[in-house]
Amino acid sequence: MIRSTCPYCGTGCGVLVGPDGAVKGDPDHPANRGRLCSKGSALGETVGPRGRLLQPEIGGQAASWDQALDLVADKFSMAIRDHGPESVALYVSGQLLTEDYYVANKLMKGFIGSANIDTNSRLCMASAVAGHRRAFGTDTVPGLYEDFELADLVLLVGSNLAWCHPVLFQRLTEARARGTKVVVIDPRRTSTCEIADLHLPIAAGADAALFNLLLAEAARRGLKPVPCEGLEAALHAAEATDPAASGLSVQEIQALYDLWFASEKTVTAWSMGINQSDSGTDKVNAILNLHLATGRIGKPGMGPFSLTGQPNAMGGREVGGLANMLACHLNIEDPAHRAAVQDFWAAPRMAEKPGLKAVDMFRAVEAGKIKALWIICTNPAVSMPEADRVARAIAGCEFVVVSDMMAETDTLRLAHVKLPATGWGEKDGTVTNSERRISRQRPFRAPMGQARADWWQLAQAARRMGFAGFDWTHPAQIFAEHAALSGVAGSLGSDFDISDHAGISIADYDALTPFLWPANARQRGGRFFSTGQFHHADGKARLIAVTPRPVAAPLILNTGRVRDHWHTASRTGLSPRLSAHMAEPYLEIHPDDARRIGLAADGLAEVTGQGGRALLRVTVSDRVPPGHPFAPIHWTGETSAAGRVSALADGRTDRISGQPALKAAAVAVRPF
Ligand code: SF4
């Protein structure tokens, strides 16, 4: 049996793969202890040659790797020579392995000399990153999965845990059977509500108002703040919050108070319902304010907990794979941090300022400012807000490279050069899950056709561009380099330190068992901030004064995942079993709205947003509140040109994190 890690959600479950390719849960992996969800257990059905891109192509014609990589290196070098380093960009993915991510970030920030590398994680958890950095001085998830089981009360905010992190949901369900109370704060009555002691159908975008109300009530009953600054201003903003802004009744708010103040051991876990908002960072800080002011952080069963959607969003944060970050949680705007990384890499030309975040990056592509674009392991022509506009921008770019394992994605069709990438089962590297646990993804089959690892493709292009320092022959060497750099970062005060693994051998890398960071001689694993020491210069946390900004429009489209599909379904769509759960794109709409608009159940609705138009099958249901229909994100131009719901969203972003407001698109709906 080969031990590996599921490539879907941020839970990061361990799997055992048999010689016949059958997959079962790894009983020794701390994240899942043998459990798997429907997607994980169907992994064996999604590996194979079907739909794979098997060889490089240039202009739609088969090419050799040498021809393709020479062309990529030439085009990027020419753009940099003629228009400067800001004229090129990489757009990568929270599904890359950490080693792939590390090489992409090193090439862009240290050798090309621009920070124009951003990732689909910008759409996923950038507001959590920004909120952590404001409050803690660093992007750190303080707690562990076991806190869900040790808590007396778990608040789930903007998270359909039952469908989006199913194994963590199973662990919470078992904890609830032992007495843990569960509150679900979500406008929708999702499957997660099946275990809720209290469901609060909050108004769209009103999460910050609710957490402000809790903070103000906590102040009335007596706070236990950690060492912090900003408490007075945060309380002032909290006390000014109108309870009506939450959209909840006085009784519902009181029911939350009764649970919160009866239980000190409390975890507040949030996901995309908080992050995917144009005030997402403030919402995150409203949650963090409450935990910091009540001292519920860094202790068993207590803390705020950001649930990452993708399998390696955390690894991307660790290597600095966002346009506004440096490697190993160092600060790109700090000259001493840049100098240390430049010295370590022996880098000729360090980026000196943050680069373009995802929405701005594709606007720069549209404006012709980006001359060469390399998209890796993601499908922005479907998944970005204003997806139709993004697709047109990519189609108009002078030179586009796309690396992907699948042959027919909406984005790949727009590429001048297509590079076949290895997929799950062929990949070899590491990922980090939501609780900071680093696990191995191990290969159990040979790469399909001429597919090669993403790190290899990037390193080959870098070498052809004349850069030294890209000579690895095995991912273990990249991991060892990353670990050594984390030791440098640790000496500069970074919390991300895995320097115990600097110099790891290939044999030890192959045998690596899942471990929590930090992993260094000073501190190993465990919770952060238990001593009340934070990463701001004065060692104190920061509370932020948050003024809630609820969204308002006659119809606000909420978007999200279904249980059995992943992202744009390029893999899960290969499994008939998974596809059977939800067969087609749909609009779930409240009966009052359906009646007013004239929609019939099972009919078709035409949904128009600022970014585009979609046709969706109508499901009439009181699981969604009036004015807030819901549509899933997974359908693409391949399966249904009508189902691309990201095309409906406008390009509004959070002013701090740059995360798009994918959870709240103002739309018009009519029968079709
Ligand atoms: Fe994979 Fe997430 Fe399911 Fe675990 S819970 S098996 S990581 S999809």
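Residues numbered from 1 in each chain as written. Predicted model: local features only at pLDDT ≥ 70, side-chain atom pairs only at ≥ 80, totals over all residues.

Caption draft 1: Main features of the overall build of the protein. Within the protein, the regular secondary structure consists of 22 helices and 26 strands. A globule of 672 residues ought to have a C-alpha radius of gyration of about 26 Å, and the protein, at 24 Å, matches this closely. If one aligns the C-alpha atoms of the protein with their principal axes, the spans along those axes are about 70 × 60 × 50 Å. Out of the 672 residues belonging to the protein, those deemed buried represent 62%. (Helix = DSSP H or I, 4+ residues; strand = E, 2+ residues; numbered from the N terminus. Rg over C-alpha atoms; globule rule 2.2 N^0.38 Å. Buried ≥ 20, exposed ≤ 12 C-beta atoms within 10 Å, placed from the backbone.)

Caption draft 2: Quick look at the UniProt feature "domain: 4Fe-4S Mo/W bis-MGD-type" (unreviewed entry) in the protein. Residues annotated by UniProt as "domain: 4Fe-4S Mo/W bis-MGD-type" (unreviewed entry) correspond here to residues 1–49. Its end C-alpha atoms 22 Å apart, residues 1–49 is made of 8% helix and 22% strand. (UniProt positions renumbered as here; feature names shortened; annotations may be inferred.)

Caption draft 3: The arrangement of the packing of helix α4 (residues 126–136) against helix α12 (residues 280–293) in detail. At a closest axis distance of 8 Å, the pairing of α4 and α12 adopts a crossing angle of 45°. Judged by the inter-axis angle, α4 sits oblique to α12. For the element pair α4 and α12, the recorded crossing hand is right-handed. Packed against α4, whose contacting residues are S127, A128, A130, G131, R134 and A135, the element α12 presents G280, T281, V284, N285, L288 and L292 at the interface. (Axes fitted to C-alpha atoms, helices over the stretch in contact; angles between N-to-C directions. Parallel < 35°, antiparallel > 145°, perpendicular 65-115°, else oblique. Left-handed = near helix turned anticlockwise from the far one by under 90°. Contact = placed C-beta atoms within 7 Å.)

Caption draft 4: Region of the structure containing the sheet that holds strand β2 (residues 14–17). In space, the three strands of this open sheet follow the order β1-β2-β3, with antiparallel pairing throughout. In this open sheet, the two edge strands, each paired with only one partner strand, are β1 (2–5) and β3 (23–25). Strand-to-strand, the axes of this sheet are offset by a mean angle of 35°, without reference to chain direction. As paired strands, β1 and β2 are joined by four bridges and run antiparallel to one another. Paired with R3 across the bridge in β2 is L16. (Pairing = 2+ DSSP bridges.)

Caption draft 5: Spatial organisation of the environment of T422. Positionally, T422 belongs in the loop between β16 (417–420) and β17 (429–432). A count of 25 C-beta atoms within 10 Å places T422 in the buried class.

Caption draft 6: Highlighting the site of the ligand. The ligand sits among 14 residues. The nearest are C6, C9, C13, C37 and G40. Elements with a contribution of two residues or more to the shell around the ligand: α1 (38–41) and α7 (166–177). Classifying every residue of the shell around the ligand by side-chain character gives eight nonpolar, five polar and one charged. (Near = placed C-beta within 6 Å. Nonpolar A, V, L, I, M, F, W, Y, C, P; charged D, E, K, R; others polar.)

Caption draft 7: Local environment of helix α17 (residues 387–396). Turning to α17, its buried residues are A387, V390, A391, A393 and I394. Around the axis of α17, the buried residues are gathered within 160° of arc, so they sit on the same side. On the buried face of α17, the contacting elements are α15 (358–366), α16 (380–383), β15 (399–404) and β24 (612–620). (Arc of directions from axis to C-beta.)

Caption draft 8: Seen up close, helix α8 (residues 207–221). The end-to-end C-alpha separation of α8 is 21 Å, in line with the 21 Å expected for 15 residues at 1.5 Å each. Residues of α8 that are buried include every one of D207, A208, A209, L210, F211, N212, L213, L214, L215 and A218, and no others. Where the residues of α8 are buried, they touch β8 (153–157), β9 (181–185), α9 (231–239), α10 (250–262), α11 (272–275) and α12. G222 sits one or two positions beyond α8 and adopts a positive phi of about 115°. (Expected span 1.5 Å × (residues − 1).)

Caption draft 9: The environment of P443, seen in detail. Relative to the helices and strands, P443 resides in the loop between β18 (437–441) and α18 (454–464). Considered as a pair, P443 and R3 are 440 residues apart in the sequence and their alpha carbons are 9.1 Å apart.

Caption draft 10: Expanded view of the sheet that holds strand β19 (residues 515–516). With respect to topology, three strands assemble into an open sheet ordered β17-β18-β19, the strand pairing being antiparallel. Pairing within the sheet leaves two strands with one partner each, and these edge strands are β17 and β19. Direction of pairing for β17 relative to β18: antiparallel, over a ladder of four bridges. Pairing of T430 across the sheet is with R440, part of β18.

Caption draft 11: Examining the pairing of β16 more closely. Every second residue of β16 is oriented toward a common face, with V417 and L419 on one face and K418 and P420 on the other, all of them buried. Looking at chain direction, strand β4 (residues 57–58) and β16 are connected through two bridges and run antiparallel. Paired with E57 across the strands is K418, a residue of β16. With four bridges connecting them, β15 and β16 associate as parallel partners. Across the sheet, residue D404 finds its bridge partner in β16, namely P420.

Caption draft 12: Seen up close, the domain arrangement of the protein. Taken domain by domain, the protein consists of domain 1 (2–46), domain 2 (57–123 + 313–435 + 450–516), domain 3 (126–310) and domain 4 (556–671). For domain 2 versus domain 3, the separation of C-alpha centres amounts to 33 Å. The partner domain 3 presents 13 residues to the 12 residues of domain 2 that form the contact. (Domains from an automatic or database assignment.)

Caption draft 13: Summary view of the environment of A476. Residue placement: A476 occurs in helix α19 (residues 475–491). Judged by the 22 C-beta atoms lying within 10 Å of it, A476 is buried. Placed 360 residues apart in sequence, A476 and N116 show a C-alpha to C-alpha distance of 26 Å. When sequence neighbours within four positions are dropped, the list of residues in contact with A476 reads I504, I506 and Y509.

Caption draft 14: Main features of the pairing of strand β23 (residues 604–609). What you see with β23 is a clean split: A605, V607 and G609 sit on the buried side and L604, E606 and T608 on the side with no burial. When β23 meets β24, the two strands line up antiparallel, connected through six bridges. When the bridges of β24 are listed, T608 appears paired with R613. Counted along the chain from β23 to the antiparallel partner β24, the turn is two residues long. Strand direction decides the pairing type here: β23 and strand β26 (residues 665–671), joined by five bridges, are antiparallel. Bridging across to β26, G609 finds its partner in V667.

Caption draft 15: View of unusual backbone geometry. The linkage connecting W517 with the following residue, P518, adopts the cis geometry, with an omega of 5°. By the element assignment, P518 lies in the loop between β19 and β20 (541–542). Phi at R33 is positive, roughly 45°, even though this residue is not glycine. Mapped onto the fold, R33 is located in the loop between β3 and α1. Look at H329: it is not a glycine, yet its phi comes out positive at around 60°. Here H329 is to be found in the loop between α13 (313–319) and α14 (335–345). Looking at H329, the number of C-beta atoms within 10 Å reads 26, which means it is buried.

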